[in-house]
Amino acid sequence: MVQLTISAASKPPALARGLPLTIDVTPEATISDVKRAIVAKYPKFTPTRQRLTVKGERKALVDETKLADVLTGKADGWELQLKDLGAQISWQTVFIVEYLGPMLIHPLFYHFPRFWYGVDVEHSALQKYIYVFVMLHFAKRELETLYVHRFSHDTMPWFNIFKNSGHYWVLSGAFTLTSQWIPGSSCCAGVIFAADIYRPAFSATSPYIVNTLRDNEHYLWICAGLWAFAELSNLHTHLTVSALRPPGTRKRGIPFGYGFNLVSFPNYFFETLGWLVITGMSGSPGVALFTVVSFTQMALWAVKKHKNYKKEFGKEYPRSRKALIPFIL
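In this text the structure is predicted, and so the values were computed from the model without any measurement.

### A short note on a nonpolar patch on the surface
Argument step 1. Side chains of Leu-108, Phe-112, Phe-115 and Trp-116 sit close together on the surface and give an oily, nonpolar patch of about 460 Å² of accessible area.
Argument step 2. Residue position: Trp-116 is located in helix α4 (residues 113-117).
Argument step 3. Residue classification places Trp-116 among the partly exposed residues on the basis of a relative accessible area of 33%.

Here it is in structure tokens:
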């Protein structure tokens, strides 16, 4: 047995005013064991709120890490520092709430146009296709959250649910400024997805639609085929990543196969492709804005995670892969 000191990373957490704490542990004990010991001393300080690091280091220790692997040979003894991450909420819950937003808001704009636009709207085939695309996309997201995704972390700070939901509830589902359609142009001020695409300017009687390519059944079916290709490809990559992680573990592996031979995150690439299809087939500035913001966020995630992959797996990771866009980014 050895003595392990647990001190506060900064100021003492409100739920653990008695720190520093000294406990007896075996060298083979894990971070998970330490967290349970902290709960035994401070019952309200649940494991999901705890962030443990080696003294003087910043990297959080995962639950499976053995103390002997990170503390053996430390000149100043065995000491970990503890930080309170605050109230937590499960990643799965956050994702479910995120994707629920568009599934509630899009029907409100689609089925109750008089409330939003002051007139009834005879929906064009284009609007009907896009409405189905959006609902299927987010239904797929919900099912993936429940049955496919395996998360590296169980929880996140509960306040993040508001930040993370903003993109889908606001950009995809609503609008921030009043939109104004100017006949003969595509000038729309500050509109976002649903508020833009279901308005009279895209209706069955609009000059923007009547006798144009956007009213052509063959064109719409081609777009539907491209969109379905992107969605099914995105699903395939999610299944590939999920299969790398055995249930109940946080094990990470290098994904290979469809899409992964070119980029680290083909799921982001195919999702972007799906939104580009909707942007191109509609010509909607609101949809375009949503697509640009979505791509920007996914690009930031992809670049960061791509660097982490290369750092974690070193020479084993394929050097020819890009992060998100084949041969470019």
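### Quick notes on the pattern of salt bridges
Argument step 1. Taken as a whole and assessed by the stated rule, the structure comprises 11 salt bridges.
Argument step 2. A salt bridge links Arg-49 to Asp-84; the nearest nitrogen and oxygen atoms lie 2.9 Å apart. In this pair, Arg-49 is assigned in the loop between α1 (31-41) and β3 (50-54) and Asp-84 in strand β4 (residues 79-84), connecting sequence segments 35 residues apart.
Argument step 3. By relative accessible area, Asp-84 is classed as partly exposed at 22%.
Argument step 4. In this structure, Lys-140 engages Glu-231 in a salt bridge whose closest nitrogen and oxygen atoms are separated by 3.9 Å. You can see Lys-140 sitting in helix α5 (residues 125-147) and its partner Glu-231 sitting in helix α8 (residues 217-244), a full 91 residues away along the chain.
Argument step 5. Of the residues examined, Lys-140 reaches a relative accessible area of 12% and is grouped as buried.

### Points about the pairing of strand β2 (residues 21-25)
Argument step 1. Burial along β2 is one-sided: the residues Leu-21, Ile-23 and Val-25 are buried and none of Thr-22 and Asp-24 is.
Argument step 2. Sheet topology places strand β1 (residues 2-8) next to β2; 5 bridges connect them, and they run antiparallel. The partner of Gln-3 across the bridge, within β2, is Asp-24.

### Re the UniProt feature "transmembrane region" (unreviewed entry) in the chain
Argument step 1. Mapped onto the present numbering, the UniProt feature "transmembrane region" (unreviewed entry) falls on residues 284-303.
Argument step 2. The span residues 284-303 shows a helical share of 95% and a strand share of 0%, and its end C-alpha atoms are spaced 28 Å apart.

### Describing the sheet that holds β1
Argument step 1. Taking strand neighbours across the sheet as the criterion, the 4 strands line up as β2-β1-β4-β3 in an open arrangement whose pairing is mixed. Across the chains shown, the open sheet's two edge strands, defined by having one partner strand only, are β2 and β3. Sheet twist, expressed as the mean angle between neighbouring strand axes with direction ignored, is 30°.
Argument step 2. Against the sheet, α1 makes contact with β1, β2, β3 and β4, and its axis sits at roughly 125° relative to β3, the strand it touches most.

### So, the packing of aromatic side chains
Argument step 1. Throughout the structure, instances matching the rule amount to 23 aromatic pairs.
Argument step 2. Ring geometry for Phe-193 versus Trp-275: centroids 5.8 Å apart, planes at 80°, classification edge-to-face. Linking Phe-193 in helix α7 (residues 193-197) with Trp-275 in helix α9 (residues 266-282), this pair joins segments that are 82 residues apart in sequence. Each member of the pair, Phe-193 as well as Trp-275, is classed as buried.
Argument step 3. On the numbers, 5.2 Å between centres and 85° between planes, the contact of Phe-202 with Tyr-208 is edge-to-face.
Argument step 4. Clustering of aromatic rings is evident, with ring pairs tying together Phe-95, Tyr-99, Phe-138, Phe-193, Trp-275 and Phe-290.

### Thoughts on the packing of α8 against α9
Argument step 1. Running from N to C, α8 and α9 cross one another at 165°; their axes reach a closest spacing of 8 Å. Classed by the angle they form, the pair α8 and α9 counts as roughly antiparallel. Of the two elements, α8 crosses α9, and the hand of that crossing is left-handed. Across the interface between the two elements, Tyr-219, Leu-220, Cys-223, Leu-226, Trp-227, Phe-229, Ala-230, Ser-233, Asn-234, Thr-237 and His-238 from α8 touch Pro-266, Asn-267, Phe-270, Glu-271, Leu-273, Gly-274, Val-277, Ile-278, Gly-280 and Met-281 from α9.
Argument step 2. Residues belonging to the contact of α8 with α9 are distributed by class as follows: 13 nonpolar, 7 polar and 1 charged.

### With respect to helix α3 (residues 91-111)
Argument step 1. Relative to the 30 Å expected for 21 residues at 1.5 Å per residue, α3 spans 31 Å between its end C-alpha atoms, a close match to the ideal helical length.
Argument step 2. Buried within α3 are the following residues: Val-94, Phe-95, Glu-98, Tyr-99, Gly-101, Pro-102, Ile-105, His-106, Pro-107, Phe-109 and Tyr-110.

### Quick look at the confidence of the model for the chain
Argument step 1. Looking at the chain as a whole, its pLDDT mean stands at 85, while 86% of the residues score no less than 70.
Argument step 2. No element of the chain has a lower mean pLDDT than helix α6 (residues 160-172), at 56, and none a higher one than α9, at 97.
Argument step 3. With pLDDT under 50 throughout, residues 174-191 is counted as low confidence; its partners more than four residues away or in other chains account for 37 contacts.

### Re a positive patch on the surface
Argument step 1. Taken together, the side chains of Lys-307, Lys-310, Lys-315, Arg-319 and Lys-322 present a region of like positive charge at the surface.
Argument step 2. Along the polypeptide, Lys-310 turns up in helix α10 (residues 285-313).
Argument step 3. Taking relative accessible area as the criterion, Lys-310 reaches 40% and is therefore assigned partly exposed.

### Focus: the packing of α9 against α10
Argument step 1. In the contact formed by α9 and α10, the axes pass within 10 Å of each other and the chain directions differ by 165°. Relative to α10, the element α9 lies roughly antiparallel. As for the relative orientation of α9 and α10, their crossing is left-handed in sense. Residues Tyr-268, Glu-271, Thr-272, Trp-275, Leu-276, Ile-278, Thr-279 and Ser-282 of α9 lie in contact with α10, whose contacting residues are Val-287, Ala-288, Phe-290, Thr-291, Phe-295, Met-298, Trp-301, Ala-302 and Lys-305.
Argument step 2. In terms of residue class, the contact of α9 with α10 is built from 11 nonpolar, 4 polar and 2 charged.

Scoring rules and cut-offs
Residues numbered from 1 in each chain as written. Predicted model: local features only at pLDDT ≥ 70, side-chain atom pairs only at ≥ 80, totals over all residues. Heavy atoms only, no water. Patch = residues over 30% accessible without salt bridge, like charges linked within 9 Å, V, L, I, M, F, W, Y side chains within 5 Å. Areas by Shrake-Rupley, 256 points an atom, 1.4 Å probe, with all protein chains shown as cover. Salt bridge = Lys/Arg side-chain N within 4 Å of Asp/Glu carboxyl O. Helix = DSSP H or I, 4+ residues; strand = E, 2+ residues; numbered from the N terminus. Buried < 20%, exposed > 50% of the residue type's maximum accessible area, 1.4 Å probe, protein only. Pairing = 2+ DSSP bridges. UniProt positions renumbered as here; feature names shortened; annotations may be inferred. Axes fitted to C-alpha atoms, helices over the stretch in contact; angles between N-to-C directions. Contact = heavy atoms within 4.5 Å. Phe/Tyr/Trp six-rings, centres within 6.5 Å; stacked < 30°, edge-to-face > 60°. Parallel < 35°, antiparallel > 145°, perpendicular 65-115°, else oblique. Left-handed = near helix turned anticlockwise from the far one by under 90°. Nonpolar A, V, L, I, M, F, W, Y, C, P; charged D, E, K, R; others polar. Expected span 1.5 Å × (residues − 1). pLDDT = per-residue confidence, 0-100. Lys, Arg positive; Asp, Glu negative; His and termini not counted. Charge placed at Lys NZ, Arg CZ, Asp CG, Glu CD.

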